[in-house]
Amino acid sequence: MKHLPPKEAWAWLQAERAAREARGEEGPIFVDVRMEIESLYVGRPPGVENIPWYEYPDLTPDPQRFAAAVEKEAGDKTRPVLLICRSGKRTLDAGAALEDVGFSNVAHVVHGFEGELNDAFKRSSLNGWRFEGLPWEQM
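Residues numbered from 1 in each chain as written. Predicted model: local features only at pLDDT ≥ 70, side-chain atom pairs only at ≥ 80, totals over all residues. Heavy atoms only, no water.

**Q** Is there a simple way to explain the pairing of strand S4 (residues 81–84) in this structure?
**A** Regular strands place their side chains on alternate faces of the sheet. Burial along S4 is two-sided: Val81 and Leu83 and Leu82 and Ile84, pointing in opposite directions, are all buried. In the classification by handedness, the crossover that spans S4, the intervening helix H4 (residues 90–100) and the parallel strand S5 (residues 106–109) is right-handed. (Buried < 20%, exposed > 50% of the residue type's maximum accessible area, 1.4 Å probe, protein only. Helix = DSSP H or I, 4+ residues; strand = E, 2+ residues; numbered from the N terminus. Right-handed = clockwise from strand over helix to strand, strands pointing away.)

Here's what the structure looks like:
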């Protein structure tokens, strides 16, 4: 799995999309592994597919279900997959689950969408997708 800081992840996503589309192939799939409510209300990069690593009320990961859902959306295990979550932690497990079933080109956004907590226990102030000023939308 590639570990890409937010700006590198955005550049990788754009470069992969352009290269694959030039060959007549589908571009990479960008997957937000947070719960749907997190993705909608906190914000998310435009164009992401929301496929939660776990969901309320169980809050228990189901790696097989997750991998099957990503495979269904991707259509092919060789299609590049970029994963994002809140802080870059869930994507490590989610990416490992994808690699375990044969996905060959997986990357994740280090520090995720909101980044790490600062000394005042607030996010989006040290690092992360939103902190870096990358495109995002909110419901």
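**Q** Before we go on, may I ask you to explain H4 in this structure?
**A** Of the positions making up H4, those classed as buried are Arg90, Thr91, Ala94, Gly95, Ala97 and Leu98. On an axial view of H4, the arc spanned by its buried residues comes to 155 degrees, and they lie on one face. Where H4 ends, the next residue or the one after it, Gly102, has phi of about 110 degrees, a positive value. (Arc of directions from axis to C-beta.)

**Q** Would you mind showing me how to read the sheet that holds S4 here?
**A** Within a sheet, each strand pairs with its neighbour through backbone hydrogen bonds, oriented either parallel or antiparallel. Here 5 strands make up an open sheet; going across it, the order is S1-S5-S4-S2-S3 and the pairing parallel. Unpaired on one side and paired on the other, strand S1 (2–4) and strand S3 (49–50) mark the two borders of the sheet. Pairing between S4 and S5: 3 bridges, direction parallel. When the bridges of S5 are listed, Leu83 appears paired with His108. (Pairing = 2+ DSSP bridges.)

**Q** Just checking my understanding: could you explain the pattern of salt bridges for this structure?
**A** Side chains that differ in sign of charge can pair as their charged atoms come close. This structure, assessed with the given rule, holds 9 salt bridges. Across the salt bridge formed by Glu132 and Lys7, the nearest N and O atoms sit 3.6 Å from each other. Of this pair, Glu132 sits in the segment after S5 while Lys7 is found in helix H1 (residues 6–22), placing the two residues 125 residues apart along the sequence. A salt bridge links Asp32 to Arg34, with the nearest nitrogen and oxygen atoms 2.7 Å apart. Here Arg34 falls in the buried class, since its relative accessible area comes to 0%. Connected via shared salt-bridge partners are Arg20, Arg23 and Glu25. (Salt bridge = Lys/Arg side-chain N within 4 Å of Asp/Glu carboxyl O.)

**Q** Help me understand the packing of aromatic side chains in this model?
**A** Working definition: an aromatic ring pair is given by the centre-to-centre distance plus the angle between the planes. Taken as a whole and judged by the stated rule, the model has 4 aromatic pairs. Consider the rings of Phe30 and Trp129, whose centres lie 5.6 Å apart with planes at 50 degrees: the pair is tilted. Highlighted residues: Phe30 in strand S2 (residues 29–32) and Trp129 in the segment after S5, separated in sequence by 99 residues. Both residues of the pair, Phe30 and Trp129, count as buried. Taken together, a centroid distance of 5.3 Å and an interplanar angle of 85 degrees make the contact between Trp53 and Phe66 edge-to-face. Pair noted here: Trp53 is in the loop between S3 and helix H3 (63–74) and Phe66 is in helix H3, with a separation of 13 residues, a long-range link. (Phe/Tyr/Trp six-rings, centres within 6.5 Å; stacked < 30°, edge-to-face > 60°.)

**Q** Help me understand H3, please; the structure alone is not making it clear to me.
**A** Quick reminder: α-helices carry 3.6 residues per turn. Residues three or four places apart thus point the same way. For H3, built from 12 residues, the straight-helix expectation of 16 Å at 1.5 Å per residue is met to within 8% by its first-to-last C-alpha distance of 16 Å. Residues Phe66, Ala67, Val70 and Ala74 constitute the buried set of H3. Axial view of H3: buried residues confined to an arc of 95 degrees, hence all on one face. For H3, the exposed residues set more than 90 degrees away from the buried face come down to Gln64 and Lys72. Each element contacted by the buried residues of H3 is listed here: S2, S4 and H4. (Expected span 1.5 Å × (residues − 1). Contact = heavy atoms within 4.5 Å.)

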